[in-house]
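# Coordinate analysis (summary)
Chain by chain, the residues:
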Amino acid sequence: MWSGNRYEVRAGCPILSWIDRMNHTTKKKWKISFLAWGLILPSFVFLVLFTLYPIAKSFYLSFFKDNLSVSIPAFIGFQNYLDLLQDSVFKQAFMNNLLVAICTIPISIALAVGMAIFANKVKFGKGLTRVAFFHPTILPMVAVADIWLFIYTPMYGLIGKFSPDLRLLGSADTAIWALIVMLIWKQAGYVMIFYISGLQGISRELYEAARLDGAGPVQSFMHITWPLLKPTTIYVTVITLTNAYKIVDHLYIMTKGGPGNATNMLLFYIYQVGFDFWDVGKAAAMTVVLIVMLLVVTAIQFFVQDKRTFYS
Amino acid sequence: MRKIALLMALLLCFTLAPMLQNDFVLMAADKVVTLDMYFPVAVGGGPDKLISALCEQFHTENPGIKVNPVYSGSYADTRTKVQAAIKGRNTPAIALMFSIDLFSLLSMNAILDYDSLCATPEDKAWLSGFYEGFMKNAQTGGKTYGIPWQRSTIVLYYNKDAFRQIGLDPNKPPATWAELETYAQKLTKVENGSTVRYGIEIPSDKAGYAYWMLQTFCTQQNGFNLMNQDGTEVYFNDPRTIKGISFWKNLSDKGYQPRGTTAWATTPTDFLEQRAAMIYHTTGNLTNIRKNAKFDFGVAMLPAEASRGSPTGGGNFYLFKGVPKEQTQAAFTFVKWMTDNPDRVAQWSIDTGYVATRPAAYETQRMKDYAAKFPQALVARDQLKYGHAEFSVYDQGIVQKILDDAIELIMTGQKDPTTALNAAQAQADGILKQYRK
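Only a predicted model underlies this, so the values are computations on that prediction, with no experimental measurement involved.

## Quick look at the overall build of chain B
Looking only at helices and strands, chain B features 19 helices and twelve strands. Computed over its C-alpha atoms, the radius of gyration of chain B comes to 24 Å, within 12% of the 22 Å expected for a compact globule of 437 residues. Across its three principal axes, chain B shows a C-alpha extent of roughly 85 × 55 × 50 Å. The burial tally for chain B puts 49% of its 437 residues in the buried class. For chain B, restricting intrachain contacts to residue pairs at least 6 apart in sequence, the fraction spanning at least 24 positions comes to 74%.

In structure tokens form, the structure reads like this:
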């Protein structure tokens, strides 16, 4: 196959002869496709390695019993999922996460809209206002957790100076609310940025027309600003929703899921079960539950909301 | 065509380059056996610097072996890292880990026993030269799997100045539970409705080894412990356990101790800031407190109920299976070097406050001089005769969390002791029964 002149060689090798037999347009199409794939290949490799493959592997692992008491993982079908229904810590982590999501999403969004409108209207110190609202976002999560741990520390902390015996993180009823306040603080600035750019996309003329028709500020907001911000709101809801389920660092630093699992959340519990207790099968099952739940909610969000949105 | 070829060549380079780099590094370093040792730090005072210094000195005396100490957080973090390394088939030759990880590591079939490595009579003599109290969390089935290094007992630190202030004898710390409660009541200072100084603080949060503190109250009832020697049974809802935790909770209810959970890390700070007059804490913090206390303080054995008692604590050296023989031998040499020399062991104890793990260390001149100046250093060692094994069972992670959760629920008043401990016992039994024969 490799001897002979150029044409004989090309004819002998299957791939090369196949290329030769294509007509000019097909060849060009293949060239473009090949180049396109080659260019996205690095990103695609990362996507497969760090997102798609782990999802598939987690799905696979969730059907096995794999913890410290077994040396070879044993296939047990859906037993891991059934065990989750009995696990009170899982149920509590699930409820806690739901509570955090329900509280942080609307409040962060409402605050962000307010901050964005304010930051837009401000005449002097526009840049400074935006920095002030945005700075929590650029702080690393661990630094934020440490700062708020100090704020909440009884006796020495910021709040402790005014009421020394108040143990916000040490009591089960207040710990999760303390966490929610901190999360809203961290998140609002990030969401605000999207709304600032969304607001700038709304034409001034609409507001002028509304003013001429006698609309007050509340009516302009309800009938012009809010509907036109719908695309931003959809996007931001997805972001804040996934943020609510990505909480790990704060729990690790501040409460370790306590007191008594009052602040335990899904992702942190998955880490505990997977890497502290080495019950890999159960952790994989929980991961799958988390993925499916987030996918379903996001899908609903996009398909249902999308129909009601006006994209200009 | 040329563009595509160039693209493929670039991709190939990116994937191959990191693999080639590793080979070059290995070739350069094959004359010295290099070991990575993960180690945790659970106390203030910077023991990590001391460990680095010791490893440097070891390398100077043994140029063929280099031990890289890798700080890996708390005992729990270190356990996670080591277990992850084992599961990722990257087993370290040696690690300094919690003594109570013994059964978890055994069930992973990960650790070597030292008896098989001891070849010479000197080795065997070295192996039997440790305090019996510390070997309880290092031996099972007649074999030794851990060598004690940074070991402790819990002690009572108390503020002598505060004692004098309210008319208590600073040389008579509370010796019984009843005295502890009376002293705590007298030492608690309330101003304008908020407590300025608590009489007693005993850490009770998850990161605070709540189970360890509970063990003090259990072992002080004639040596009753929370688990059996084989790590397959627990006694969470025993009446003695309930009695112990009720006494502990009672101190909070009466206001002598902060309500809710108390953090391990801030308890010594509270003591140093004189916001707590007495604390239960590890002797490993002794040097830290000695250096930073601006007041006269004392160290005492924990108050007794029917007897004195304290669980031991701290970390052992473990050697792992599945590593090349020369690394195991190098690691074994390192462990012997660290613990054989009584002066070295004594110096470690002086520098940190941990108990020296060999009786010979207390006979050295430097230790005798130190103890003459600072007799508090001997309290933890003296308490060793009342020492008991620290809580250690199979599936340590889950079972310990079940107990820690129960303690947190009780201390924050969410559940009463009997209910919480009954539930914890049921859960723990469910997990441990597969290990019982």
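## Topic: unusual backbone geometry
Residues and elements named next belong to chain B. Positioned with a positive phi, R89 is a non-glycine residue whose angle comes to about 55°. Here R89 is to be found in the loop between α3 (75-87) and β3 (94-98). Its 7 C-beta neighbours within 10 Å are what place R89 among the exposed residues. The phi dihedral of N109 is positive, around 55°, even though this residue is not glycine. With respect to the helices, strands and loops of the structure, N109 is situated in the loop between α4 (102-107) and α5 (114-117). C-beta crowding within 10 Å serves as the criterion here: with 10 such atoms nearby, N109 is assigned to the exposed category.

## Some remarks on the domain arrangement of chain A
Partitioning chain A into domains gives domain 1 (6-49) and domain 2 (83-307). For domain 1 of chain A and domain 2 of chain A, the distance between their C-alpha centres works out to 47 Å.

## Here we look at the interface of chain A and chain B
Between chain A and chain B, the residue contacts involve 22 residues of the former and 30 residues of the latter. When contributions to the side of chain A that touches chain B are tallied by element, the ones reaching two or more residues are α3 (24-61) and α14 (266-276) of chain A. Broken down by element, the residue count for the side of chain A that touches chain B peaks at four residues, all from α3(A). Tallied by class, the residues present in the side of chain A that touches chain B amount to eleven nonpolar, seven polar and four charged.

## Topic: the confidence of the model for chain A
In the predicted model, chain A carries a mean pLDDT of 86, and 92% of its residues have values of at least 70. For chain A, helix α1 (residues 6-12) of chain A is the element with the lowest average pLDDT, namely 63, and helix α5 (residues 88-121) of chain A is the one with the highest, namely 92.

## Section: the pairing of strand β9 (residues 276-282) of chain B
Residue and element names in this part refer to chain B. Of all seven residues making up β9, seven are buried, and the element is well covered by its neighbours. Where strand β6 (residues 147-159) and β9 come together, five bridges link them in antiparallel fashion. When the bridges of β9 are listed, L156 appears paired with Y280. Pairing analysis gives three bridges linking strand β8 (residues 194-201) to β9, with the strands arranged parallel. The partner of I200 across the bridge, within β9, is M278.

Calculation criteria
- Residues numbered from 1 in each chain as written.
- Chains lettered and ligands numbered in written order.
- Predicted model: local features only at pLDDT ≥ 70, side-chain atom pairs only at ≥ 80, totals over all residues.
- Helix = DSSP H or I, 4+ residues; strand = E, 2+ residues; numbered from the N terminus.
- Rg over C-alpha atoms; globule rule 2.2 N^0.38 Å.
- Buried ≥ 20, exposed ≤ 12 C-beta atoms within 10 Å, placed from the backbone.
- Contact = placed C-beta atoms within 7 Å.
- Domains from an automatic or database assignment.
- Nonpolar A, V, L, I, M, F, W, Y, C, P; charged D, E, K, R; others polar.
- pLDDT = per-residue confidence, 0-100.
- Pairing = 2+ DSSP bridges.

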